[in-house]
Amino acid sequence: MIQTGLIQSAHNDLVTDVAYDFYGLRLATCSLDQRIKVWQVDESNGHWNVEDDWKAHDATVSKLSWAHPEFGTILASASFDRTVKIWEQTSFASTADSQPSGAGTGSPQATSGGSSRWVERAVLVDARGTVRAVEFAPHHFGLKLATVSSDHHVRIYECLEQSSLATWQVSEEIDVSTLPSVSLSSSYSVAFATPTQTSATLEGASATLVAQALQQSQNPTTQGRPGMGNREADGGWCISWCKDRYWGEIIAAGCGISGVIKIIQLSSSRRPTTLLTLDPSPSPAGLPAEAGTSLASDGDTPTPFAITSVAWAPSCGRSYHLIATGGRDGHVRIWRVKPAEEELDVEGEGGDLKWSANVVADFDHHKSAVGRVEWNITGTVLSSAGNDGRVRLWKATIGNVWRPAGSIGVEQSEDTQDVDVNMGENSIAE
């Protein structure tokens, strides 16, 4: 059973992102109309009402992210104007008493009514391309922010003055396209499998050489003549933080048209390193076909499709991680990522920990580009939104086999507004 509601005419143009706050009672939306709106739910009837509305950027607002409430009511917005802005909600009284100070701060933004205003606290202008995604780090790492832009760089910002939010420092700047997929001094394994197939792995030096060869063969195409598959509009830029504190600061990032996601370890004592590369493309010709893998037909190299969205699931005590991706090929994939086991590294040289991953679910029900994937709070249900105009849910059944759990479309929401829509566990409404 899926309960749906509809916000009519939320913006004057295409809505580019929606983001719930920590408690799920407020919703921030942004649009091509360059505006941000914050909505408050009326718990008595389930209706969403506009709480604040303001012009935030000079171009399309592409992404929004809420900070953890322990830092206050803070919102970050990314835009095609190559900036990221930090906003803080303040009351009218506090706004009148003290104006924000510091570089990049501005006057309070006009709202549609209510007892609060959103103040622009900082403007981050380091990007050399359109900023496509922004996400605050898990709160146990402090007030940090990750951004990714069309210049293929992931930038990590740290707030140096939490009281004013005016000073942010770039702690890491990573060119994802040139960051090595694997280290030459270590080996790793990647397994490709489906819920009904046995896992198969490419291990050791062969996997390392294959990954490097594929990366070198793909990189020149991104700098060649423009055309289908080379345009910025065909790319995808996405990031997602690992929610588990134990493993340190780890982020999943995808850039451009490579079609891969890199799992990047961040550390204050050394340069960022790639722990693992999630590449859904089939094994190249010439390698033995093992169970669970498929080879490109006639030896042709498969065309990579950009990954437009990545979501790292909350671990909730699992011994492995789940990472979901959505791409322009219409596929929603769920990866089971297994961290390295330290007791296996007994050779005495302190070698890098080896992570592994396998695809446990691969769905193409959207039949069109997937724009967003997102997990629920326990990491047990995945939702995806595609250009087919539907939001689809996916859930693991007994035996950890992932199945469709229902779907809802815009037209259906309009016809059955604010009512429960019955969906069978494996039903897919087309």
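Note that the structure is predicted; figures quoted are calculated from it, not measured. (Residues numbered from 1 in each chain as written. Predicted model: local features only at pLDDT ≥ 70, side-chain atom pairs only at ≥ 80, totals over all residues. Heavy atoms only, no water.)

Tallying secondary structure elements over the protein chain gives three helices and 28 strands in all. Taking all 430 residues of the protein chain together, the buried fraction comes to 48%. Counting only contacts in the protein chain whose residues sit at least 6 apart along the sequence, the fraction spanning at least 24 positions is 51%. Accessible surface computed for the protein chain: about 20500 Å², of which carbon and sulfur atoms make up 49%. (Helix = DSSP H or I, 4+ residues; strand = E, 2+ residues; numbered from the N terminus. Buried < 20%, exposed > 50% of the residue type's maximum accessible area, 1.4 Å probe, protein only. Contact = heavy atoms within 4.5 Å. Areas by Shrake-Rupley, 256 points an atom, 1.4 Å probe, with all protein chains shown as cover.)

Let us look at the pattern of salt bridges. Within this structure, the stated rule accounts for 16 salt bridges. A salt bridge links Arg155 to Glu173; the nearest nitrogen and oxygen atoms lie 3.0 Å apart. One end of the pair, Arg155, is in strand 12 (residues 153–159); the other, Glu173, is in strand 13 (residues 168–175), and 18 residues separate them in sequence. Arg155 gets classed as buried once you look at its relative accessible area, which sits at 1%. Residues Arg333 and Asp329 are paired through a salt bridge, measuring 3.2 Å at the closest nitrogen-oxygen approach. Taken together, the shared-partner salt bridges in this structure form one network comprising Asp17, Lys63, Arg372 and Glu374. (Salt bridge = Lys/Arg side-chain N within 4 Å of Asp/Glu carboxyl O.)

A few words now on the side chain of Glu249. Residue position: Glu249 is located in the loop between strand 16 (238–241) and strand 17 (250–254). Given the relative accessible area of 17%, Glu249 is considered buried.

Attention shifts here to the sheet that holds strand 19 (residues 273–278). One open sheet holds the four strands; their spatial order is 16-17-18-19, and the pairing between them is antiparallel. Either end of the sheet is taken by a strand with one partner, and the two such strands are strand 16 and strand 19. Each adjacent strand pair in this sheet contributes to an overall mean axis angle of 20°, direction not counted. When strand 16 meets strand 17, the two strands line up antiparallel, connected through four bridges. Residue Trp241 lies in a different strand from strand 17, and its bridge partner there is Ile251. (Pairing = 2+ DSSP bridges. Axes fitted to C-alpha atoms, helices over the stretch in contact; angles between N-to-C directions.)

What follows concerns the sheet that holds strand 12. Judged by pairing direction, the sheet is antiparallel, and its four strands sit side by side in the order 10-11-12-13 without closing on themselves. Unpaired on one side and paired on the other, strand 10 (131–136) and strand 13 mark the two borders of the sheet. Looking at each pair of strands side by side, their axes are set apart by 20° on average, direction ignored. Sheet analysis places strand 11 (residues 144–149) next to strand 12, joined by five bridges and oriented antiparallel. Looking across to strand 12, one finds that Val148 is bridged to Val154.

When pLDDT drops low, the exact placement of atoms in the prediction is not to be read closely. For the protein chain, the average pLDDT comes to 78, and 70% of its residues sit at 70 or higher. Across the protein chain, strand 7 (residues 74–79) holds the top mean pLDDT of 98, while strand 28 (residues 420–421) sits lowest at 35. Note that residues 95–104 has pLDDT below 50 and, in this model, 18 contacts with residues that lie over four places away or in other chains. Contacts of residues 283–299 to residues separated by more than four positions or lying in other chains number 28 contacts, the stretch itself having pLDDT below 50. (pLDDT = per-residue confidence, 0-100.)

Each regular strand displays side chains that alternate between the two surfaces of the sheet. Counting buried positions along strand 17 gives five out of five residues, so the element sits mostly inside the fold. As paired strands, strand 17 and strand 18 (residues 261–265) are joined by four bridges and run antiparallel to one another. Bridged to Ile251 within strand 18 is Ile264. In textbook terms, the turn of a hairpin is the stretch between consecutive antiparallel strands, and for strand 17 and strand 18 this stretch comprises six residues, one of which, Gly256, has a positive phi near 70°.

Glancing now at the pairing of strand 20 (residues 307–312). Burial within strand 20 is extensive, with six of its six residues counted as buried. Looking at chain direction, strand 20 and strand 21 (residues 321–327) are connected through five bridges and run antiparallel. When the bridges of strand 21 are listed, Val310 appears paired with Thr325.

A word on the environment of Leu393. Along the polypeptide, Leu393 turns up in strand 26 (residues 390–396). Leu393 sits in the partly exposed class, given a relative accessible area of 23%. Separated by 11 residues in sequence, Leu393 and Leu382 place their C-alpha atoms 5.6 Å apart.

It is worth spelling out the environment of Ala166 at this point. As for its position among the elements, Ala166 is in the loop between strand 12 and strand 13. Overall, Ala166 belongs to the buried group, its relative accessible area being 10%.

Together, Phe22, Tyr23 and Leu25 line one region of the surface with nonpolar side chains, adding up to about 340 Å² of accessible area. Residue position: Leu25 is located in the loop between strand 2 (15–20) and strand 3 (26–31). (Patch = residues over 30% accessible without salt bridge, like charges linked within 9 Å, V, L, I, M, F, W, Y side chains within 5 Å.)

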